[in-house]
Amino acid sequence: MSIQSLIIDCDPGVDDAVALFLAFAAPELNLLAVTTVGGNVPGALTQRNARIVRQIAGREDVPVHGGAERPLKRPPAGAGAFHGPEGLGDLEPFQPTGIVGDGPAANAIVDLVMSRSQGSVAVAVMGPMTNLALAMRRERRLADWLGPVVIMGGARSEGGNITPSAEFNIWADPDAAAVVFGSGCEVIALGLDATHQVRATEDRIAAVETIDSEAARATASMLRFSQRVEREIVGWDSAPLHDPCTIAWLIRPDLFETRPCRIEVETTSELTRGHTAVEFRVDPATARHRWVVAADGQGVFDLIVDKLRDQARGTGA
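Position numbers for residues count from 1 along each chain, tracking the sequence in the order it is written. Only residues with pLDDT of 70 or above have their local features reported here, since the model is predicted, and side-chain atom pairs are shown and tallied only from 80 upward, although totals for entire chains, interfaces and linings are computed over all residues. To get the side-chain values, all heavy atoms of the structure are used, and hydrogens and water are removed first.

Focus on the overall build of the chain
Helix and strand definitions follow DSSP, with helices as H or I runs of at least four residues and strands as E runs of at least two, each counted in order from the N terminus. Regarding its fold elements, the chain presents 13 helices and eleven strands. A compact globule built from 317 residues would reach a C-alpha radius of gyration of about 20 Å, and the chain, at 18 Å, matches this within 12%. Dimensions of the chain, computed from C-alpha atoms along their principal axes, come out at roughly 45 × 45 × 40 Å. Buried residues are those whose accessible area, probed at 1.4 Å on protein chains only, stays under 20% of the maximum for their type, while exposed residues exceed 50% and partly exposed ones sit between those limits. Counting all 317 residues of the chain, 58% fall into the buried class. By the convention used here, residues are in contact when the closest approach between their heavy atoms is within 4.5 Å. Residue pairs at least 24 apart in sequence account for 82% of intrachain contacts in the chain once pairs closer than 6 positions are excluded. What sets the accessible areas is the Shrake-Rupley method with a 1.4 Å probe; for residues, cover comes only from the shown protein chains. Total accessible area on the chain stands at roughly 12,300 Å², and carbon and sulfur atoms take up 48% of it. Looking at charge distribution, the chain has the averaged site of its 29 positive side-chain charges lying 3 Å from that of its 41 negative ones. Radius of gyration here is computed from C-alpha atoms only, and the compact-globule reference equals 2.2 Å multiplied by the residue count raised to the power 0.38. We count Lys and Arg on the positive side and Asp and Glu on the negative side, and we leave His and both chain ends out. By convention, the point assigned to a charge is CZ for Arg, NZ for Lys, CD for Glu and CG for Asp.

Below is the structure:
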């Protein structure tokens, strides 16, 4: 089994929490750090929430670094309606015992990537890309030194979930997204086109609820909250599972179909702010971006169940 060194940059958020529980349970991933950013809820809460999830998962060995609390150029945005005012759905927040890592997120990303061999560290970005953009500005060689950057963000054929053409993570800080996409690093983008194919249906949530562990119970709670909110606000029966797709791709890329492309982000027009222009007419040999066009929803949920069950039995991470 090959092991992928990984930094998770996130803004928990209920689906971020599910992604963290999956990553904490996966022996295929060597988690170097979790970095947090203001996004779904303010930065102070995303940092606390990541530490809460870490404590529930029993993974205090993984450092958590707080990061940017606002976008590069714009006021902070939020998505509390879909995550609850505290960001963890129905889970009652508490003050976690684990410490915060030394130094801000952008510095941690630079230090962890640049101190290891070129191309060996992947980054999964589940929120606005502010921390990674700041890291790239601080270390100009970072884009060339990174392994794959797997992001949850953007929309093409599905349209946006904030505006007709923009998805929340890109819309919240389009300037940071433009820095990352324009840096030359390898990016695998899981936009709404892919994540809308991964739905938390009743039977899939019930499968998680059969696992006897604190991490699995918390995961199921997040999924139940998302299901309820999706029905109340959007009118869909089952909620899409966005952020865990980044971790699933790192563990099981065969569950997804990608196409080489070039992705650019609109940063100047308020009408189309955060629009991801995905251009497939590129040379596959030189394309640095890949857009995920298909996802095996059942396969992703089977992966979550398998990893959480193995962890509960003491055979996983």
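Remarks on the pattern of salt bridges
When a carboxyl oxygen of Asp or Glu is within 4 Å of a side-chain nitrogen of Lys or Arg, the pair counts as a salt bridge. Considering all chains together, one arrives at 16 salt bridges under this definition. As a salt-bridge pair, glutamate 28 and lysine 307 come within 2.5 Å of each other at their nearest N and O atoms. Here lysine 307 lies in helix 13 (residues 297-313) and glutamate 28 lies in the loop between helix 1 (14-24) and strand 2 (29-36), a separation of 279 residues in the sequence. When its relative accessible area of 12% is taken as the criterion, lysine 307 is described as buried. Of the charged contacts in the structure, one is a salt bridge between glutamate 139 and arginine 141, with a shortest N-O distance of 2.9 Å. Classification of glutamate 139 by relative accessible area gives buried; the value is 15%. Owing to a relative accessible area of 52%, arginine 141 belongs among the exposed residues under this scheme.

Focus on the packing of helix 1 against helix 12 (residues 244-251)
One way to put it is that helix 1 packs onto helix 12 with a least axis distance of 7 Å and a crossing angle of 25°. With respect to their mutual orientation, helix 1 and helix 12 come out roughly parallel. Contacts between helix 1 and helix 12 involve Asp15, Val18, Ala19, Leu22 and Ala23 from the former and Pro244, Ile247, Ala248 and Ile251 from the latter. Broken down by class, the residue content of the contact of helix 1 with helix 12 amounts to eight nonpolar, no polar and one charged. For helices, the fitted line uses only the C-alpha atoms of the stretch in contact; every axis is such a line through C-alpha atoms, and the angle between N-to-C directions lies from 0 to 180 degrees. An angle below 35 degrees is read as roughly parallel, one above 145 as roughly antiparallel, one from 65 to 115 as roughly perpendicular, and any other as oblique. Any residue that is not Ala, Val, Leu, Ile, Met, Phe, Trp, Tyr, Cys, Pro, Asp, Glu, Lys or Arg is counted as polar, Gly included; the first ten are nonpolar and the last four charged.

Details of the side chain of aspartate 16
Along the polypeptide, aspartate 16 turns up in helix 1. One buried charge, aspartate 16, has no salt-bridge partner; the nearest side chain with opposite charge is arginine 48, at 13 Å. What aspartate 16 contacts, discounting residues up to four positions off in sequence, is Cys10, Asp11, Asn40, Met126 and Asp243.

Side note on the nonpolar core
Leu6, Ile8, Val34, Ile247, Leu250, Phe256 and Leu308 are the most contacted members of the largest nonpolar core, which totals 62 residues. In terms of residues, this core owes the most to one element, helix 1, which gives nine residues. Beyond its immediate sequence surroundings of up to four residues, phenylalanine 256 is in contact with Leu190, Cys245, Ala248, Trp249, Val292, Ala294, Ala295 and Val300. Residues belong to one nonpolar core when they are buried, are Ala, Val, Leu, Ile, Met, Phe, Trp, Tyr or Cys, and are joined through side-chain atoms within 4.5 Å. By size, the runner-up hydrophobic cluster in this structure holds 36 residues, among which are Ile109, Leu132, Met136 and Ala143.

A closer look at the pairing of strand 11 (residues 289-295)
Two strands pair if DSSP finds at least two bridges between them. Note: strand 6 (residues 187-190) against strand 11, three bridges, orientation parallel. Each residue of the ladder has a partner; that of isoleucine 188, found in strand 11, is arginine 290. Examined bridge by bridge, strand 9 (residues 256-265) and strand 11 share six bridges and lie antiparallel to one another. Note on strand 11: the bridge partner recorded for cysteine 261 is histidine 289.

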